[in-house]
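# Coordinate inspection notes
Here is what each chain is made of, one letter per residue.
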Amino acid sequence: MSCAHLLITQINIQAIVDHERLFTGIELGWLGSVSDVMMWKKSHVWQHRQEYLRDGMLLLANKGYPSSPYVLRPFTEPEVNGQPPVEKQQRCKFNKCLSSQCITVEHAFRMLKGHFWILTLSAV
């Protein structure tokens, strides 16, 4: 008896999405085991950030990315909890605002996966 197995290799996809859910940059081809930070530091956009990110432009990112003059990410729990009450409240409010903006990116990826169902498959 013979069985055919579908082998799916996970790859990372890192994308830049604008406020209208349009993909303006994409980096892919890295194995799933490569960290987001490693992909980001090797990406074309990061290596040419002075050309792409002008006039105070910022990229919104999740907690997995390092802060930089070009990347705005939420405060981590230790960065929030280690503050006096007023600062803690401001940082929580900032995180909530940033999170609501990042939903645009999630919507863009859902739309992409809706058009390309193969992106929804998991490794076996």
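Scope of this entry: the structure provided in the associated data block. Positions within a chain are numbered from 1, following the residues in the order the chain's sequence is written. For a predicted model such as this one, the threshold for reporting local features is a pLDDT of at least 70, and the threshold for listing and counting side-chain atom pairs is 80 or more; totals across whole chains, interfaces and linings nevertheless cover every residue. Heavy atoms from the whole structure form the basis of all side-chain values; hydrogens and water molecules are not counted.

### Re the overall build of the protein
Secondary structure assignment for the protein yields five helices and four strands. Under the DSSP-based scheme used, a helix requires at least four consecutive residues in state H or I and a strand at least two consecutive residues in state E, with every element numbered from the N terminus. Its helices and strands taken in sequence order, the protein reads β-β-α-α-α-β-β-α-α from the N to the C terminus. Buried residues are those whose accessible area, probed at 1.4 Å on protein chains only, stays under 20% of the maximum for their type, while exposed residues exceed 50% and partly exposed ones sit between those limits. Of all 124 residues assigned to the protein, the portion counted as buried reaches 22%. We call two residues contacting when some pair of their heavy atoms lies within 4.5 Å. If you take every contact in the protein between residues at least 6 apart in sequence, the share linking residues at least 24 apart comes to 32%. Methods summary: accessible areas were calculated by the Shrake-Rupley approach with a probe of 1.4 Å, and residue burial reflects only the protein chains presented. When the accessible surface of the protein is totalled, it reaches about 9400 Å², and 58% of it is carbon and sulfur.

### A word on a nonpolar patch on the surface
Side chains of Ile11, Ile13, Ile26, Leu28, Phe116, Trp117, Ile118 and Leu119 sit close together on the surface and give an oily, nonpolar patch of about 800 Å² of accessible area. Of all elements in the fold, only strand E1 (11–17) and strand E2 (23–31) reach the threshold of two or more residues within the nonpolar patch. Secondary-structure assignment places Leu28 in strand E2. Like-charged residues are merged into a patch within 9 Å and nonpolar side chains (Val, Leu, Ile, Met, Phe, Trp, Tyr) within 5 Å, provided each residue has over 30% relative accessible area and no salt bridge. Throughout this description, the term salt bridge denotes a Lys or Arg side-chain nitrogen within 4 Å of a carboxyl oxygen of Asp or Glu.

### Quick word on the packing of aromatic side chains
Think of it this way: a Phe, Tyr or Trp ring, Trp meaning its six-membered ring, pairs with another when their centres are within 6.5 Å, and the plane angle makes it stacked under 30 degrees, edge-to-face over 60, tilted otherwise. Per the stated rule, a full pass over the model turns up four aromatic pairs. When the centroid spacing of 6.3 Å and the interplanar angle of 90 degrees are considered together, the rings of Trp46 and Tyr70 count as edge-to-face. Separated by 24 residues along the polypeptide, Trp46 in helix H2 (residues 44–47) and Tyr70 in the loop between strand E3 (59–60) and strand E4 (71–72) bring together distant segments of the chain. Neither residue differs from the other here; Trp46 and Tyr70 are each classed as buried. Chaining the aromatic ring pairs together yields one cluster made of Trp40, Trp46 and Tyr70. Lying across the ring of Phe75, Arg91 places its NZ or CZ 4.3 Å from the centre. Whether a charge sits over a ring comes down to the Lys NZ or Arg CZ being within 6 Å of the ring centre and within 35 degrees of the ring normal.

### Some thoughts on the pairing of E1
Two strands qualify as a pair provided DSSP detects at least 2 bridges between them. Sheet analysis places E1 next to E2, joined by seven bridges and oriented antiparallel. Along E2, the bridge assignment pairs Ile11 with Leu31. The hairpin turn running from E1 into E2, its antiparallel successor, is five residues long, and Arg21 in that turn takes a positive phi close to 65 degrees.

### Quick notes on the pattern of salt bridges
Per the stated rule, a full pass over the model turns up three salt bridges. The salt bridge involving Arg73 is made with Glu79; its shortest N-O contact spans 3.1 Å. Take Arg73: its relative accessible area is 14%, and that puts it in the buried class. Arg110 is the partner of Glu106 in a salt bridge, and the nearest nitrogen-oxygen pair spans 3.8 Å. Of the two residues, Glu106 and Arg110 are both situated in helix H5 (residues 85–115); the distance of four residues between them amounts to about one turn of the helix.

### Observations regarding the environment of Asn95
Looking at the secondary structure, you find Asn95 in helix H5. Given a relative accessible area of 15%, Asn95 falls into the buried group. The sequence separation of Asn95 and Arg73 amounts to 22 residues, and the corresponding C-alpha distance is 8.3 Å. What Asn95 contacts, discounting residues up to four positions off in sequence, is Pro74, Phe75 and Val80.

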